[in-house]
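Geometric and topological summary
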Amino acid sequence: MSLPPEWEDDERMNFMFSEFKENRDVNTTDWDSKMDFWTALIFRSCRQCGSVLVNLQDLNRTFQRKEKTPLGLSTVLQTMASEKLLGERVQKLSLEADR
């Protein structure tokens, strides 16, 4: 899978692999940038694998970096589900695959 350029930036990835703050309002910019990063990467992974099924264990394996797994992926999946991003995006991915 192709990874974004910041994947090679240890400082940036240390932040991305850290747990989300319990309250988004503490720092909405950081929280949103981390959420956007992982959401886009999950969608990219689905597209490249040709699968719309995701689970936390597989994502942790897929996104392992330097023997570390991202600590915030459960928050990402919960947020995607609560915002109905998964269902809408799955439909869009399905339509793109049919073309």
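Here we summarise the structure given alongside this text. (Residues numbered from 1 in each chain as written. Predicted model: local features only at pLDDT ≥ 70, side-chain atom pairs only at ≥ 80, totals over all residues. Heavy atoms only, no water.)

Considering helix α2 (residues 28-49)
Heads up, the condition is: Secondary structure is summarised from DSSP: a helix means a run of H or I of at least four residues, a strand means a run of E of at least two, and numbering begins at the N terminus for each. Helix span, expected: 1.5 Å multiplied by one less than the number of residues in the helix.
End to end, α2 covers 31 Å across 22 residues, agreeing with the expected 32 Å (1.5 Å per residue, within 8%). Once α2 ends, the next one or two residues include G50, with phi positive near 70°.

As for the packing of helix α1 (residues 10-17) against α2
In a packed pair of helices, the relevant descriptors are the angle between the two axes and the axis-to-axis distance. Note the cut-off: Note on geometry: axes are lines fitted to C-alpha atoms, helical ones only across the stretch in contact, with angles between N-to-C directions running from 0 to 180 degrees. The cut-offs work like this: below 35 degrees is roughly parallel, past 145 is roughly antiparallel, 65 to 115 is roughly perpendicular, and the gaps in between are oblique. Whether two residues are in contact is decided by their heavy atoms, any of which lying within 4.5 Å being enough. For this scheme, ten residues count as nonpolar: Ala, Val, Leu, Ile, Met, Phe, Trp, Tyr, Cys and Pro. Four count as charged, namely Asp, Glu, Lys and Arg, and the remainder, Gly too, count as polar.
Put simply, α1 and α2 touch, their axes get as near as 10 Å, and they point 90° apart. Put simply, α1 runs roughly perpendicular to α2. For the pair α1 and α2, contact is made by R12, M13, F15, M16 and F17 and by D30, S33, K34, F37 and W38, respectively. In the contact of α1 with α2, the residues fall into 6 nonpolar, 1 polar and 3 charged.

Some words on the packing of aromatic side chains
Put simply, the rule reads: Within 6.5 Å between ring centres, the rings of Phe, Tyr and Trp (the latter by its six-membered ring) count as paired, and their orientation is classed by plane angle as stacked under 30 degrees, edge-to-face over 60, tilted in between. When a residue's accessible area, from a 1.4 Å probe over protein chains only, is under 20% of the maximum for its type it is buried; when over 50% it is exposed; and in between it is partly exposed.
Evaluated as defined, the whole model comprises 6 aromatic pairs. With centroids separated by 5.7 Å and ring planes inclined at 65°, the aromatic side chains of W7 and F17 adopt a geometry described as edge-to-face. Taken as a pair, W7 in the segment before α1 and F17 in helix α1 lie far apart in primary sequence, 10 residues in all. The two residues W7 and F17 agree in class, both being buried. A centroid spacing of 5.0 Å and a plane angle of 65° characterise the contact between F20 and W31, whose relative ring orientation is edge-to-face. Residue F20 is located in the loop between α1 and α2, and its partner W31 is located in helix α2; the two are separated by 11 residues in the primary sequence. Each member of the pair, F20 together with W31, is buried. By way of ring pairs, the aromatic residues W7, F17, F37, W38 and F63 are connected into one cluster.

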